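Letter by letter, the chains look like this.
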Amino acid sequence: MGMLALVTLLSMKRRRRRPTRRQTVAASCTADGCTASEAKRKRGPCRQGGNSGGVKRMRSHLTLDRLPQDVLHQIFVLLPMQDAARAACVSRALLLTWRYYPELTISNKTLGLNEQHTCIRGQMATDIIRKIDGVLQNRAGVWVKRLNFELQFFHNVQACYIDHWLDAATPGIEELTLELPRDEKVKYRFPCKILFNEKGCSIQSLSLYACTFHPERGSCTFRSLKRVHFSWVHITTEESWLFLSNSLALEHLELLHCDDIACLKIPCTLQLLNFLRVSRCNMLQMIESDAPNVSTFHYEGPIIPFSLGCSAQLKDVNISIYPWFNLFDHARTKLPTIAPNIETLVLLSADEIGVFSHLSSLPDEKFLHLKCLELVIVGPRTVISFHYSYLSLVSFLIACPALETFILHVEESAVQKYHLVIDPSELMQLPGHRHEHLKHVTITGFCPVVRLMELIFYILENAVSLQSLTLDNRIRGFEKDLVAYISQDTETRDFEEWWNNFGVNEEFLKYMRRGHPNPFWEAYLSHIAIRKYIVGRVPSSVELKILGAPPDDIISSVMAWERQWHGQV
């Protein structure tokens, strides 16, 4: 809400307390002993501007110091922490209220450090420790509900100081975040006892980064925890089972880079668990979940066996697999039995191989409730590698009779050196199939590949309720760090190239794939292909959106370059 919330609420309070003209006159007449009719007569001259029988208009100015402390506190807690701190610097009343602000973040920014302070030692380390001690002494207590220790910059901090800070800050805390430096040194061991003793039993959300978590058998219960986020946390298979078995109130679980877990087992006693995310846990070999009410499941990593138990409540599935060569077909045949009621499905695969299946041999398994399907294809990337058989996705579309939105993200770097020419005799003809509910189709990373054009032609001919078709030449739908890691893991692209050249800004060149001497060549080919082969096939009832097309001056220059290049050949 920001500072605008404070100004708005104060102005509303001011309007409510300001006496109206009628109230002022009535109050004056009542004090003089006159009746209501007399008060009405007294209001007459006031309207005409006379001052003889009127009452001077009283103006009431509401200031912060006139607000009750509890009201001021309720207004103040609505502000973001940065705005609240600024307001406390200019008002004595708000400075007192600042002590009751429910959130406290300790980071290099709040401590007045800049990003250059990466090596903290000696007197600087002593000063920082003293400053943190002072902050906790002044602020910690029953009013602070959200506490964030963002200490990635503090590489040499000793465990005893962290223990002291957690012990001093945990009373009354509901959300606790502890982020430490990720290095090869001995990891800090998080004191699990603070979660179940009298001080920490109120903690409902726990987020840990770069530490160890070792609960002891038979001596702990995490009865208040509802949300858990572990990233780069050392916890073994047995310890994760012990922890989850004693976290009966858990609703949200995220495990990222927890490499000591070989098998993740989730007990059936977690009746409230509805969100499960497991990402890049490199040693993980299996996921077994018996939690009956998981509705959202996200997984990123190599293919492993999934056992989701009773998954009738599972509605949202997001799976990123790499390297994997037939994920889409595997998901189409296996997921309908694992998650029969799924409504949203996102699949990402690196170097996917499209295996075309004849429509007469399609399996009976179908996603009867799936409404949104999003597929992401990373690669292939070499000139000699084959193009993905996009028409193989038709079987996936047919398996989704209730599908309303289809999104396809393509990151294909194979180079087309010559102008696209489609030979009608080479187009694959498929039997018609009515997709009655498909309304919105989006394809990003569009490139002039015949197999991709075939898929678009099929959709235009068979999606009878289609409302919009979006073709975007730019590479979209990928998380920058995710694709960079995939490229590094599969050894298909240089990590630094992806990190530096991925399309994160609006410069046209940054959105374009590379590989040709002219950086706009593929964008030009895509533009020509859309205009030449697709526009004429789009029904009048369908809105065609073309994004990422080169500017007119670029098209002219590329056409001139093409004529010159062909002349040299």
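Please refer to the structure placed before this passage.
Residues numbered from 1 in each chain as written. Predicted model: local features only at pLDDT ≥ 70, side-chain atom pairs only at ≥ 80, totals over all residues. Heavy atoms only, no water.

J.: Lay out the overall build of the chain in plain terms, naming residues and giving numbers.
T.: What the chain contains, in helices and strands, is 17 helices and 18 strands. Counting all 569 residues of the chain, 47% fall into the buried class. Once local pairs closer than 6 in sequence are excluded, the contacts in the chain between residues at least 24 apart make up 66%. Carbon and sulfur atoms make up 52% of the accessible area of the chain, which amounts to about 28,700 Å² in all. (Helix = DSSP H or I, 4+ residues; strand = E, 2+ residues; numbered from the N terminus. Buried < 20%, exposed > 50% of the residue type's maximum accessible area, 1.4 Å probe, protein only. Contact = heavy atoms within 4.5 Å. Areas by Shrake-Rupley, 256 points an atom, 1.4 Å probe, with all protein chains shown as cover.)

J.: I'd like a description of the nonpolar core, backed by residues and values.
T.: Judged by nonpolar contacts, the single largest core of 119 residues is most densely connected at F149, F190, F213, F230, F406 and L408. The leading source of residues in this core is helix α12 (residues 450-462), at nine residues. In this structure, F190 is in contact with L166, L176, L178, L195, L206, L208, C211, T212 and F213, ignoring residues within four places of it in sequence. (Core = buried A, V, L, I, M, F, W, Y, C linked by side-chain atoms within 4.5 Å.)

J.: Any details on the pairing of strand β15 (residues 405-411)? Residues and values, ideally.
T.: Counting buried positions along β15 yields six of seven residues, so the element is predominantly enclosed. With seven bridges connecting them, strand β14 (residues 372-378) and β15 associate as parallel partners. Paired with V378 across the strands is E411, a residue of β15. Bridging between β15 and strand β16 (residues 440-444) involves five bridges; their strand directions are parallel. Bridged to T405 within β16 is H440. (Pairing = 2+ DSSP bridges.)

J.: Describe the sheet that holds strand β9 (residues 286-289), and please don't skip the residues or the numbers.
T.: Across the sheet, three strands lie side by side as β7-β9-β11; this open sheet has parallel pairing. Each edge of the sheet is formed by a strand with only one pairing partner; in this case those strands are β7 (263-266) and β11 (306-307). Alignment of β7 against β9, held across four bridges, turns out to be parallel. Bridge assignment links K265 to a residue of β9, and that residue is E288.

J.: Help me get a handle on the pattern of salt bridges, residues and values and all.
T.: For the structure shown, the criterion picks out eight salt bridges. Residue E454 is joined to R451 by a salt bridge in which the shortest nitrogen-to-oxygen separation is 2.8 Å. Here R451 and E454 lie together in helix α12, a separation of three residues that amounts to about one turn. Classification of R451 as partly exposed rests on a relative accessible area of 31%. (Salt bridge = Lys/Arg side-chain N within 4 Å of Asp/Glu carboxyl O.)

J.: Please set out the pairing of strand β1 (residues 103-106) residue by residue, giving values where relevant.
T.: The two faces of β1 match: E103 and T105 on one face and L104 and I106 on the other face are all buried. Note: β1 against strand β2 (residues 146-150), four bridges, orientation parallel. Bridge pairing in β2 links L104 to L147.

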